[in-house]
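Overview (structure and organization)
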Amino acid sequence: MPIHISRLAAMARPLSLKAASLNAIQRAISTKPIQIRSLASLRQEQPHPATAALKAPPAPTTPKSQPEPPSRPASLRLATGQVFHGTSFGCPNTDSISGEVVFTTSLVGYTESMTDPSYTGQILVFTQPLIGNYGVPSSDARDPFGLHRYFESNAIQCRGIIVNDYAAKYSHWAAVESLGQWCARYGIPAISGVDTRALVTLLRSRGSTLGEISMTGSSATDAESWKPIENPNAENLCSKVSTKEKYVVNPGGDVNVALVDCGVKQNILRCLAKRGATVTVVPWDHDLTKDPVKYDGVVLSNGPGDPSHMGKTVSNVKALIAQDAGKIPTPIFGICMGNQVLGMAAGYKTYKMPFGNRGHNQPAIDLTAGKCVITSQNHGYAIDDSVDVPGWAPYFRNANDASNEGIRHQVLPYSSVQFHPEACGGPLDTDYLFDHFLNEVRAFKRERKRIEPNFQKGVKALIGGRLVKKSVVLNF
């Protein structure tokens, strides 16, 4: 039996402003119940109206044939001194590479994880023992919006991968090459045969640590052969993976949403576009208050690294919120790094977690409804919500470690989540958040069109048609 949950009961914010116009907006936000469907019903789901008439994506194509990379002795050295030996199955000719060693508990979705920009600068350890058994699909396959059908970006983003058992012989209808061949094409080192249980136990007890992959098979006594380990979090990783110029996904939508690209996953763009929105992607440091385009909503994307480097983005968000003071506000929704950026703009502090939350099975509690959802996550930093910030409140909380999983403004349409509602891979429990955000965007856009022109006409009438010398705002 399908379970129905009232959208307002689960998601409504107390828009208790004095203005009747904002009360009208609250009524305008859809109260259509959320239906949690079975996997069988999802497979039978009809195409979204915005995409049904579009041309189907191209079929997967086979890349240029190449042999499986040669196996060579390889080692992972941690900054704490431990060395794990294995066999290389990725790019065999790379120099030693370093990064932050982190682990994911995801059972599937290694191609999505490895192309997620949030893993930039990291050496990724898979706790799932067998990796590579379904190969790698074609990068030529695109969806109706021109986005990658199977990947989250245009390249592998992590610096290297560590697995227990690599499956060189893969089997899947969409696969065109092995995981080893794919890693070799992008120059990514990969090690198999590592006791990942011992490695993850170590990371769980000591926290995420720096490490280095070497293809020489050096032992713990070969200290001279190891280079100093670089800390990727010492630099602004978001600036490296962000777009350098604007681009548009799904032109012609009924609302225009600006997405601040801190390292966006392609499925975030897809989740917005398939719901009818035009998505204008802008660089991480783009100042929307100086943009000639008036956007109907703003999304702050996920991204890699330390949020302390995001001061420019935080300042821009503060300016955007200040610009909307007294006016019909522009809804803002943050995801992952976007949660931390919005939090810092609101006045919260952030901190580095011992080992972060990465995987497809993280439980989070919606504090507005008391419901628990299973979420996909990939982050090593979090918001410290132990100190109250006036006007703001925690939105979700992790049921395992009680860390913050989201914040919301208690009056205005500003909210964010630490997890990934777009998943890919992972559970679909929270993709309704995109519906709620776009419902708000459309409702506030309608109210803006109704209120602001009439207000300006009234101002002109009061001053006898003369031009307004000073800026005038709507006071609720």
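Small disclaimer: the values here were computed from a predicted structure and weren't measured.

Details of the sheet that holds strand S12 (residues 190-192)
Taken in spatial order, the 7 strands line up as S3-S4-S12-S9-S6-S5-S13 and close into a barrel, and their pairing is mixed. Strand-to-strand twist in this sheet, taken as the mean axis angle between neighbours without regard to direction, amounts to 35 degrees. Sheet topology note: the strand S4 (residues 83-88)/S12 ladder contains 2 bridges and is antiparallel. Bridge pairing in S12 places serine 88 opposite isoleucine 191.

Examining unusual backbone geometry
Of note in the backbone geometry, asparagine 250 takes a positive phi value of approximately 60 degrees without being a glycine. Relative to the assigned elements, asparagine 250 resides in the loop between strand S14 (247-249) and strand S15 (255-260). On the accessibility criterion, asparagine 250 (15% relative accessible area) is buried. One non-glycine residue, alanine 402, adopts positive backbone phi at about 65 degrees. The topology assignment puts alanine 402 in the loop between strand S21 (392-398) and strand S22 (404-409).

Concerning the environment of glycine 207
Among the secondary structure elements, glycine 207 is positioned in the loop between helix H7 (196-206) and strand S13 (209-214). Of the residues examined, glycine 207 reaches a relative accessible area of 2% and is grouped as buried. Sequence-distant contacts of glycine 207, defined by excluding residues within four places in its chain, comprise Leu202, Pro354 and Phe355.

Digging into the nonpolar core
Counting residues in hydrophobic clusters, the biggest one holds 31 residues, and the most contacted among them are Leu259, Leu269, Leu272, Phe396, Phe437 and Leu438. For this core, the elements supplying multiple residues, two or more each, are S15, helix H9 (266-273), strand S16 (277-282), strand S18 (332-335), S21 and helix H12 (432-462). Core analysis: the second largest hydrophobic core is formed by 27 residues, Cys238, Tyr295, Leu300 and Ile383 among them.

Describing the sheet that holds S21
As summarised here, the arrangement of the 10 strands in space is S14-S16-S15-S17-S18-S23-S22-S21-S19-S20, forming an open sheet in which the pairing is mixed. Two strands lie at the open edges of the sheet, namely S14 and strand S20 (371-384), each paired on one side alone. Strand after strand, the sheet turns through a mean of 25 degrees between neighbouring axes, direction not considered. Where S15 and strand S17 (residues 297-300) come together, 4 bridges link them in parallel fashion.

Description of the pairing of S13
The buried count for S13 comes to 5 of 6 residues, which makes it a mostly enclosed element. Note that strand S3 (residues 73-78) and S13 share 4 bridges and pair antiparallel. Bridge pairing in S13 places leucine 78 opposite glycine 211. With 5 bridges joining them, strand S5 (residues 97-104) and S13 adopt antiparallel strand pairing. Residue glycine 99 lies in a different strand from S13, and its bridge partner there is glycine 211.

Regarding the pattern of salt bridges
Scanning the model with the defined rule gives 16 salt bridges in all. In this structure, glutamate 212 engages arginine 77 in a salt bridge whose closest nitrogen and oxygen atoms are separated by 3.8 Å. Taken together, the residues glutamate 212 in strand S13 and arginine 77 in strand S3 connect sequence positions 135 residues apart. We note that glutamate 212, like arginine 77, is buried.

What about the packing of helix H10 (residues 311-323) against helix H11 (residues 337-346)?
Viewed as axis vectors pointing N to C, H10 and H11 meet at an angle of 60 degrees, and their least axial separation amounts to 9 Å. Regarding the angle of H10 to H11, the classification is oblique. Taken as a pair, H10 and H11 cross one another with a handedness that is right-handed. Facing H10, whose interface residues are Thr313, Val314, Val317, Lys318 and Ile321, H11 presents Val341, Leu342, Met344 and Ala345. Here the contact of H10 with H11 is composed, by residue class, of 7 nonpolar, 1 polar and 1 charged.

Thoughts on the packing of aromatic side chains
Scanning the entire structure with this criterion turns up 10 aromatic pairs. Consider the rings of phenylalanine 89 and tyrosine 166, whose centres lie 4.0 Å apart with planes at 10 degrees: the pair is stacked. Here tyrosine 166 lies in strand S10 (residues 165-166) and phenylalanine 89 lies in the loop between S4 and S5, a separation of 77 residues in the sequence. Among the residues examined, tyrosine 166 registers a relative accessible area of 12% and is labelled buried.

Remarks on the pairing of S22
Within S22, 6 of the 6 residues are buried, which leaves it mostly tucked inside the rest of the structure. Direction of pairing for S21 relative to S22: antiparallel, over a ladder of 5 bridges. In the sheet register, alanine 393 faces S22, and the bridge partner there is arginine 408. With antiparallel pairing between neighbouring strands as the criterion, S21 and S22 make up a hairpin whose turn holds 5 residues, including alanine 402 at a positive phi of roughly 65 degrees. Judged from the 3 bridges that link them, S22 and strand S23 (residues 414-417) form a sheet pairing that is antiparallel. Paired with arginine 408 across the strands is serine 415, a residue of S23. If you look at the hairpin formed by S22 and S23, you'll find 4 residues sitting between the two strands.

Calculation notes
- Residues numbered from 1 in each chain as written.
- Predicted model: local features only at pLDDT ≥ 70, side-chain atom pairs only at ≥ 80, totals over all residues.
- Heavy atoms only, no water.
- Pairing = 2+ DSSP bridges.
- Helix = DSSP H or I, 4+ residues; strand = E, 2+ residues; numbered from the N terminus.
- Axes fitted to C-alpha atoms, helices over the stretch in contact; angles between N-to-C directions.
- Buried < 20%, exposed > 50% of the residue type's maximum accessible area, 1.4 Å probe, protein only.
- Contact = heavy atoms within 4.5 Å.
- Core = buried A, V, L, I, M, F, W, Y, C linked by side-chain atoms within 4.5 Å.
- Salt bridge = Lys/Arg side-chain N within 4 Å of Asp/Glu carboxyl O.
- Parallel < 35°, antiparallel > 145°, perpendicular 65-115°, else oblique.
- Left-handed = near helix turned anticlockwise from the far one by under 90°.
- Nonpolar A, V, L, I, M, F, W, Y, C, P; charged D, E, K, R; others polar.
- Phe/Tyr/Trp six-rings, centres within 6.5 Å; stacked < 30°, edge-to-face > 60°.

That is the geometry; function is a separate question.
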